Amino acid sequence: MVLSLVHDKELMSTDNLIPNFDIFTGKETTVGPEMCGDIHTGDMYKQALERYCTEEGDFPLPIIIFYDKTHTDLHGSLATSPLMFTLGFFNQKARNLVDFWRVLGFVPNLSYGKGKHQKAPSREKLQDQHNCLKSILGSLSSIGKNGGFRTTILGREVTVKPWVHFVIGDASGNNELCGHYNVHGNCSRPYRDCKCSFDNMDLASPQCEIDERVVKAPC
């Protein structure tokens with residue numbers, strides 16, 4: 001999937017890449033004051049670049065993932081959740097086009113056909129979903145553990161070093177990815193980082209009791 005993007009000369013045209021940016025080093029080609037711009041100007045990108053690209057010839061490959069459920073029939077029985085990706089060195093105009101995205105896999109409707117009286121606990125249903133995601137992302141995980149892979153990009157032989165830079169999705173889907181409670185509105189914990197109740201959500205200066213488990217081990 002990755003090779004179908006980086007080996008496509010039309011997609012890899014300079015018109016589709018971030019301007020004033022060297023895709024082989026992952027750094028800007030112009031010197032000037034630091035400014036917020038595209039993905040490569042963020043602090044997390046710079047930290048990822050230092051972590052994954054440590055040797056000459058390493059090709060940084062930030063991956064942007066999109067994950068959301070979609071319905072393919074009237075009643076939602078055939079709902080499926082595609083996991084798609086694009087590459088972070090494409091500019092925003094290119095990333096908005098379907099040609100620059102690839103589908104890694106689909107998570108099916110795991111509750112279809114089980115009936116109303118065979119309801120599994122929420123933890124088990126979420127684990128089934130994560131097992132599917134693990135299978136879909138297995139090849140990408142293997143590439144990362146093996147130190148990347150060798151290929152030729154725009155005539156230059158490189159070692160591609162991929163990482164998942166961020167994930168796009170709605171609140172419900174992102175909660176499922178992180179294993180968070182998927183509840184909204186009047187519930188005991190409307191905000192996951194603290195223990196404030198729903199009635200305290202409109203306070204200008206609430207006295208929060210922080211959940212240390214969330215602070216120490218963020219998803």
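Shown above is the structure to which this text applies.
How each quantity is defined
Residues numbered from 1 in each chain as written. Predicted model: local features only at pLDDT ≥ 70, side-chain atom pairs only at ≥ 80, totals over all residues. Heavy atoms only, no water. Patch = residues over 30% accessible without salt bridge, like charges linked within 9 Å, V, L, I, M, F, W, Y side chains within 5 Å. Areas by Shrake-Rupley, 256 points an atom, 1.4 Å probe, with all protein chains shown as cover. Salt bridge = Lys/Arg side-chain N within 4 Å of Asp/Glu carboxyl O. Helix = DSSP H or I, 4+ residues; strand = E, 2+ residues; numbered from the N terminus. Buried < 20%, exposed > 50% of the residue type's maximum accessible area, 1.4 Å probe, protein only. Disulfide = S-S within 2.5 Å. 1 Å grid on protein atoms, 1.4 Å probe; cavity = no way out; pocket = protein on both sides within 12 Å on 5 of 7 lines; lining within 4 Å. Points joined across faces, edges and corners; volume = space filled by probe spheres on them. Nonpolar A, V, L, I, M, F, W, Y, C, P; charged D, E, K, R; others polar. Pairing = 2+ DSSP bridges. Axes fitted to C-alpha atoms, helices over the stretch in contact; angles between N-to-C directions.

Caption draft 1: Inspection of a nonpolar patch on the surface at higher detail. A cluster of nonpolar side chains, contributed by Tyr-191, Phe-198 and Met-201, occupies part of the molecular surface with about 290 Å² of accessible area. For Tyr-191, the position within the fold is in the loop between helix H6 (171-178) and helix H7 (212-216). Residue class for Tyr-191 comes out partly exposed when judged on its relative accessible area of 42%.

Caption draft 2: Highlighting the state of the cysteines. Under the criterion given, the structure shown has 0 disulfides. Not engaged in a disulfide, the cysteine Cys-196 finds its nearest cysteine sulfur in Cys-208; these two sulfurs lie 3.5 Å apart.

Caption draft 3: Empty space enclosed by the protein, seen in detail. This model, assessed by the stated rule, comprises 1 cavity of 30 Å³ or more. In terms of lining, the largest cavity is formed by Ile-18, Phe-21, Ile-39, His-40, Tyr-45, Pro-62, Gly-88 and Phe-89. In terms of residue class, the lining of the largest cavity is made up of 6 nonpolar, 2 polar and no charged.

Caption draft 4: Representation of the sheet that holds strand E5 (residues 102-108). With mixed pairing, the 5 strands of this open sheet are ordered in space as E5-E4-E3-E7-E6. One side of each edge strand has no neighbouring strand; the edge strands of this open sheet are E5 and strand E6 (149-153). Geometrically, the sheet is characterised by an average inter-axis angle of 40 degrees between neighbouring strands, direction not taken into account. Pairing geometry for strand E4 (residues 80-87) and E5, over 6 bridges, is antiparallel. What sits directly across from Pro-82, in E5, is Phe-106.

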